[in-house]
Structure formats: C-alpha cells, structure tokens
Amino acid sequence: MENQSEQTPKKNSNVIYFLIVVILALLGTDVYLYMKKNTSDEKIVYQNDEKTRLQTELDSLEAQVEQVNAGKTKLSAEMQAKNDSLKAKIQVLRVELAKGKLTAAELDKAQEDVKQLRYFVTKYTADIEELKQQNATLTTERDTLKTNLSAVSEKANTLSQQATTLQKQNQDLSTKVQIASALKIGNANVVAYKVKGSGKEVDVSRASPAKRIKINFTVASNAVAEKGSHDIYVRIIDPTGNLIAGSGGTFSSDGQDLQYTYKTSIDFKDDGSGYTIEWENPNPFQKGAYTVLLYADGYTMGKTSLTLK
C-alpha cells in the first residue's frame, strides 16, 4: 500500500514534465512561425519596394532617351539602332517587373539589367550630345563658309564690275585714241578738167567737156597719227544724190560698211604736205553739184564739193 502511494506522485510528476515540454515546444513553434512570418513579410515589402524603385528608374531612363531625341538631331543608322534597342530593352524590363511576385534571382537579374541599361542610356546620351556638338560645329562652319563665299562672290562681282568698267574705259580710250589718230582734212578743193590733144590739162566749169577731177587737199597736223602709208577711200555723190560706184569694193567707216568710188593711198609725214587725188569719170558728167567725201583710218576725213554748169 505504501509502495503504491509512492508510485502515484512520481507518475504525476512525469506527466507534469511532459506537459511542460509540450507547452515549451508549442511556444517555440509559435515563436519560429512568428519570426518566419515577419521575415517573409519584410522580404515581400522589400521586393515590392525594389520593384517600384526599378519601375521608377525605368521611367526616368525612358524620359532621358525621349528628351535627348527631342532635339530632332538626324541620327545615323547606328545611332538609330541603339535608340531602338534601348527602347526595346526598357519595354522588356517593364514586362518583367509587371509580373506578380519575383523570386530573389529574378529580382537580382532585373537589378543587373537596369544597371546595364543605365550605363547604355548614359553612353547613348553622351553620344547624342557629341553628335549635336558636331552638328553645331558643322553648321557654324557651313554658315562661316557661306558668309565667306558670299563675301568672295560679292568681291568677285565688284572686281568684275570694276573690270567691266575698266574695260569700257579702255575701249573708250582706245576709241578716242583711234579717233584722235585718224587723219583729218585741213583744206580741200575739187576742180574738173579736160585733156587736150597736146596732153595739156585745162580746168573747166562746164559738165560737157569735163572728163576728170582733181581733189586737192592737205591733212591737218596730228602728232598721234601714225606716220607712213594710209589708205584713202573716196566717195563721189552725183547731182541726183546717187553714189558713183567704182569697182564695187567696200570699206568700214564710223561703224558702217560703205561702198567706195575710188581707193588710193598717201604717205603721211605730218609736215603740212599737200596731196592730190585724180579720178576719171567713166560716164559723162552731169550738170549740178557733186559731193566728194574722203575717208581714212575708219573715220571720215572731210568733204568738199564741185558744181558744174
């Protein structure tokens, strides 16, 4: 009886110990589950915050790309390919971040992708800015070249105008020299005559016996005229106003082509010498006034006249 009484308290003590162990185990499990839950919640919050940060950074990078392209800089094929590639990468990352929950590995990959994308966007931005500077430099050089070209063109036009003016002045001067150097008549007269059987010449004033005329003249002193032989062209106009044509030859005088009656030459010495030109009329002379015009060196020398009864 006494042994049974001693065994009962010992059994009760074991039960109590067992219950204490169970309770401690349950408490430990609760604490473990609580800590695990808190850690999981913190991890979910961290992942959500990181996704939001990465999405915000994608927005910033995309805005950076759009801003650098807003300048409407003409892109090369290579730069356009980079631009398209960056936009495509941003879109892919947006799709990845738009998923529900990301694993730690997926989040790490997204972070690394955004990091690389940030590098490429920064480099792309720098390349675009360099391209803009190059374009600005080329534009400045082009404008400078256009300005210089305009200045050179204007100077060339001015020089051309000056050259034209100088050429005209030279032509005018040359014309003046030609005019000044042309021979001019000092004094002149015309007489008609006939030749007797004895060969003697007799001056006549009537048309019927006249066979020839003599044009007597002197040349005005001219220091700039060329000394030596000068061609003399004679034009004789009959009383009816018609030219008495000679051989049918022509010459140029005062800018016109004229037909002459007779051509000869004189030796000009600028010494006041007198000259005589004789011309025989192949047709009978008519009553009336004959006009005799002399030309030399491309200009009119002078004129005189003869009236026959």
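Keep in mind that what you see is a predicted model, and the values were worked out from it rather than measured. (Residues numbered from 1 in each chain as written. Predicted model: local features only at pLDDT ≥ 70, side-chain atom pairs only at ≥ 80, totals over all residues. Heavy atoms only, no water.)

Participant: Tell me what's going on with the pattern of salt bridges, and back it up with residues and numbers.
Facilitator: Summed over the entire model, instances satisfying the criterion amount to three salt bridges. The salt bridge involving arginine 142 is made with aspartate 143; its shortest N-O contact spans 3.1 Å. Here arginine 142 falls in the partly exposed class, since its relative accessible area comes to 44%. Look at aspartate 143 and you get partly exposed, because its relative accessible area is 34%. The residue glutamate 201 makes a salt bridge to lysine 214 at a minimum N-O spacing of 2.5 Å. Residue glutamate 201 is found in strand S2 (residues 201–204), and its partner lysine 214 is found in strand S3 (residues 212–219); the two are separated by 13 residues along the sequence. (Salt bridge = Lys/Arg side-chain N within 4 Å of Asp/Glu carboxyl O. Buried < 20%, exposed > 50% of the residue type's maximum accessible area, 1.4 Å probe, protein only. Helix = DSSP H or I, 4+ residues; strand = E, 2+ residues; numbered from the N terminus.)

Participant: With reference to specific residues and values, describe the packing of aromatic side chains.
Facilitator: Taken as a whole and assessed by the stated rule, the structure comprises seven aromatic pairs. Aromatic pair phenylalanine 251 and tyrosine 295: ring centres 5.1 Å apart, planes at 55 degrees, arrangement tilted. Of this pair, phenylalanine 251 sits in strand S5 (residues 250–253) while tyrosine 295 is found in strand S9 (residues 288–296), placing the two residues 44 residues apart along the sequence. Each of the two residues, phenylalanine 251 as well as tyrosine 295, counts as buried. Between tryptophan 279 and phenylalanine 285, the ring centres sit 6.3 Å apart and the planes meet at 90 degrees, which makes this aromatic pair edge-to-face. Assessed through its relative accessible area of 7%, tryptophan 279 is described here as buried. (Phe/Tyr/Trp six-rings, centres within 6.5 Å; stacked < 30°, edge-to-face > 60°.)

Participant: Run through the environment of arginine 94, naming residues and quoting values.
Facilitator: One can find arginine 94 in helix H2 (residues 77–97). C-alpha of arginine 94 to C-alpha of glutamine 55: the two residues are 39 residues apart in sequence and 6.9 Å apart in space. Setting aside residues up to four positions removed in sequence, arginine 94 forms contacts with Gln55, Leu58, Asp59 and Glu62. (Contact = heavy atoms within 4.5 Å.)

Participant: Just give me the short version of the nonpolar core, but keep the residues and values in it.
Facilitator: By size, the foremost hydrophobic cluster in this structure holds 29 residues, and its most contacted members are Ile213, Ile215, Phe217, Leu294 and Met301. For this core, the elements supplying multiple residues, two or more each, are strand S1 (185–195), S3, strand S4 (228–237), strand S7 (262–268), strand S8 (274–280), S9 and strand S10 (299–308). Discounting residues that sit within four places of it in the chain, methionine 301 has contacts with Leu183, Lys184, Ile185, Phe217, Val219, Ile232, Leu294, Tyr295 and Ala296. Leu61, Ile90, Val121 and Tyr124 belong to the second largest nonpolar core, which has 13 residues in total. (Core = buried A, V, L, I, M, F, W, Y, C linked by side-chain atoms within 4.5 Å.)

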